[in-house]
Amino acid sequence: MGATKWGFKKSLWVFHLNAGACNNCDIEVLDCLCPRFDVERFGIKLVGSVKHADVLLVSGIVTRKVVPQLLEAYEQAPRPVAVVALGACALTGGIFKDGYNFAGPVDKHIPVDAYIPGCPPRPEAIIDGIVKLIGKL
Amino acid sequence: MSTLIPIGPFHPVLEEPEYISLYVDGETVEDADIDLGRIHRGMELLAQEKTYDQDCFLVERICGICSASHSWAACRAMEDIAGIGPTDRARYLRTIVHELERLHSHMLWVGLGGHILGYWTVFMWGWKYREPVLDSLEAITGNRNHYAWYRPGGVRRDVADEVWPVVLKRMDEFAAQTEMLLHAILDDPVILGRLKGVGLLTKEDAIRYGTLGPTARGSGFDIDVRRDEPYGAYSEVDWDVIVRPEGDCLAVAAVRLLEMLESVKIIKQCIERLPGGPIANEVREIPRGEGVGHVEAPRGECFHFIRSNGTNMPERHKMRAPTFNNIPSYRPRVKGESISDAVLIFAIIDPCYSCTERMAVLGPDGRRALGSKDLIALSHAKTEELRKGS
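Reading guide: rules and limits
Residues numbered from 1 in each chain as written. Chains lettered and ligands numbered in written order. Predicted model: local features only at pLDDT ≥ 70, side-chain atom pairs only at ≥ 80, totals over all residues. Helix = DSSP H or I, 4+ residues; strand = E, 2+ residues; numbered from the N terminus. Rg over C-alpha atoms; globule rule 2.2 N^0.38 Å. Buried ≥ 20, exposed ≤ 12 C-beta atoms within 10 Å, placed from the backbone. Contact = placed C-beta atoms within 7 Å. Axes fitted to C-alpha atoms, helices over the stretch in contact; angles between N-to-C directions. Nonpolar A, V, L, I, M, F, W, Y, C, P; charged D, E, K, R; others polar. Pairing = 2+ DSSP bridges. Core = buried A, V, L, I, M, F, W, Y, C linked by C-beta atoms within 7 Å.

A. Up close: the overall build of chain A. Of regular secondary structure, chain A possesses five helices and five strands. Counting from the amino terminus, chain A carries its helices and strands in the arrangement α-β-α-β-β-α-β-α-β-α. Expected size for 137 residues packed as a compact globule is a radius of gyration near 14 Å; at 14 Å, chain A falls within 12% of this value. In terms of its C-alpha atoms, chain A occupies a principal-axis envelope of roughly 45 × 30 × 25 Å. Counting only residues that meet the buried cut, chain A has 47% of its 137 residues in that class. Look at the contacts in chain A between residues 6 or more apart in sequence, and 79% of them connect residues 24 or more apart.

Here's what the structure looks like:
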């Protein structure tokens, strides 16, 4: 076990960036924190600044207006940083892929480590994705 | 001398990206400006490039919380053109899902309100009590959110009879929990201190800014589509519109909390009186014509307009979500308040930006090239062009 994995195993801090989502993925992320799923028992918590984060969680189609801010957030994140694309929109653009404001998907702009599909992904799916991500680090 | 304080665009207490500029003098907010547009996805144009059946799925994804409201409003607009209404069973089934959505939306807001106040117990409780509602929605429609449940003429799937006793039991538990939460919140001196008298919106301003839903009803502006122009099963069940005259943050919070109890009442009556029969009338085609559909979404009136040219795609699909009307009321609310209350006052309208986002055209230097007057002139020119064409 490397030092990175040892450090991340019990304390994965997540910064959540909504890059043009319908709100639902974001709500399911918050749902993971509430008593039924309670990911804080694994040391996973949401933080207010990307400079504190180990994981950059991106949801939404990545609109043209958000692209520079997404790149800036990725540059500001301390290394190593894992990027997770959450939901059908972040993976492929989903139903919005023909829209004029669609500049994504996420992996067109920044390298992605884990993809969590679903519209929206269930909280169980999000937890499963994060667990697999820890195994991969 | 005023100082500018930026909030956002990716701020920890706000779920969605938006940029608020607060102009402050010392601790007092003098003025505010809001910059939106980061979640604009070109929904109206997309809707015009998809068929009516696909549109039902597309409009659900306008907003993750009001997905039933948007698809119901779009279906009502399509039914308005086709002249075919839903069946009796479909009307009741639609109403049940719509009210369950209101329950989970309001409970979500209560939790977020607690989160913004720094009151994490309220957040955890609210979201814990919200889960059984999502379970009920999953049992009825097959998904926690984005139900894919509404279609022109009725609903997509029938519900097994075994589901209803479980939902009724959950509703009883939910009502008891909401009652407890209601008293815990409205009798708590700390929460009262943070909410009472903060962010006043007078009834005149509520009408002048065109506010809708709980934001309007918290200021004594008695407006509710469910009662004013009944649709679904609302005229056949017994319920009340909650109105509070005070206009401060506490009044809006009280309206939302009390509305949840009314929603539970509606759901229970609908389940008891649920008629049998088919779940949908077949809508074979949408003829040429125009139709409107509006429903009372959890945040206020949600409005859809569709113009059909007789093909299987709409020629024009206009959508207006309630937050679009409610956001401007932030300015009169926040003037003269302290910075520490600014975010709370912003959250009191339960803003949902993904519904609201509009387009702004930018020039090569990145600044806004078209103001409201230019856009109105463009719109007039386009209308003139269409008139000449037809």
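From this point, things continue past the structure.
B. Seen up close, the packing of helix 3 (residues 67-82) of chain B against helix 4 (residues 88-117) of chain B. All names here are of chain B. In the contact formed by helix 3 and helix 4, the axes pass within 8 Å of each other and the chain directions differ by 145°. Taken together, the residues of helix 4 that come into contact with helix 3 (itself represented by A68, S69 and W72) are R94, V97, H98 and E101. Per-class residue counts for the contact of helix 3 with helix 4 are three nonpolar, two polar and two charged.

C. Examining the sheet that holds strand 8 (residues 314-320) of chain B more closely. Residue and element names in this part refer to chain B. The strand order 6-7-8 describes an open sheet built from three strands, whose pairing is antiparallel. What marks the edges here is a single partner per strand, and that holds for strand 6 (289-297) and strand 8. Strand after strand, the sheet turns through a mean of 15° between neighbouring axes, direction not considered. In the sheet, strand 7 (residues 300-308) pairs with strand 8 via six bridges, with the strands oriented antiparallel. Following the sheet pairing, F303 is matched in strand 8 by R320. In the packing of helix 3 onto the sheet, the strands contacted are strand 6 and strand 7, and the crossing angle to strand 6 comes to about 150°.

D. Structural context of the interface of chain B and chain A. Tallying the contact residues gives 32 residues for chain B and 29 residues for chain A. Broken down by secondary-structure element, the contributors of at least two residues to the side of chain B that touches chain A are helix 1 (43-48), helix 2 (52-60) and helix 5 (120-141) of chain B. In terms of residue count, helix 5 of chain B provides more of the side of chain B that touches chain A than any other element does, four residues in total. For the side of chain B that touches chain A, a count of residues per class yields 16 nonpolar, seven polar and nine charged.

E. Representation of the sheet that holds strand 5 (residues 114-116) of chain A within the structure. All names here are of chain A. Strand order in this open sheet of five strands is 2-1-3-4-5, and the pairing throughout is parallel. Each end of this open sheet is capped by a strand with a single partner; those strands are strand 2 (45-46) and strand 5. Judged from the three bridges that link them, strand 4 (residues 82-86) and strand 5 form a sheet pairing that is parallel. Across the sheet, the residue bridging to V84 is A114, located in strand 5. Where helix 5 (residues 123-136) meets the sheet, its contacts fall on strand 4 and strand 5, and the angle it forms with strand 5 comes to roughly 170°.

F. Broad picture of the environment of B:I242. Residue and element names in this part refer to chain B. For I242, the location among the structural elements is in the loop between helix 10 (225-228) and helix 11 (249-273). The class of I242 is partly exposed, set by 19 C-beta atoms lying within 10 Å. Through-space distance from the C-alpha of I242 to that of S308 is 37 Å; in sequence the pair is 66 residues apart. Those residues in contact with I242, other than ones at most four positions away along the chain, are R217, V255, L258, E259 and E262.

G. How the structure looks around the pairing of strand 7 of chain B. Residues and elements named next belong to chain B. Across the nine residues of strand 7, seven count as buried, placing the element largely inside the fold. The loop that links strand 6 with its antiparallel partner strand 7 comprises two residues. Here strand 7 folds back onto strand 8 in antiparallel fashion, the turn holding five residues, of which G310 has a positive phi close to 90°.

H. Broad picture of the nonpolar core. In this structure, A:L17, A:L56, A:L57, A:V58, A:L86, B:M78 and B:V97 are the most contacted members of the largest nonpolar core, which totals 146 residues. Looking at this core element by element, the count peaks at 14 residues for helix 11 of chain B. With sequence-adjacent residues up to four places away left out, B:V97 is seen in contact with B:A68, B:L137, B:I140, B:T141, B:Y147 and B:W149. Grouped together as the second largest cluster of nonpolar side chains are six residues, B:L201, B:A206, B:Y209 and B:L212 included.

I. Seen up close, unusual backbone geometry. Each neighbour pair has its own omega, and for A:R79 with A:P80 the value is 0°, a cis peptide bond. Relative to the assigned elements, A:P80 resides in the loop between helix 3 (67-76) and strand 4. Omega for the bond connecting A:C119 with A:P120 falls within 30 degrees of zero, at -15°, which places this linkage in the cis form. For A:P120, the position within the fold is in the loop between strand 5 and helix 5. Despite not being glycine, B:H146 has its phi angle at roughly 55°, a positive value. Within the secondary structure layout, B:H146 lies in the loop between helix 5 and strand 4 (150-151). With 19 C-beta atoms counted inside 10 Å, the residue B:H146 sits in the partly exposed group. The backbone phi angle of B:D350 is positive, close to 55°, even though this residue is not glycine. Here B:D350 is to be found in the loop between helix 14 (342-347) and helix 15 (353-356).

Any functional reading would require information that these geometric values do not contain.
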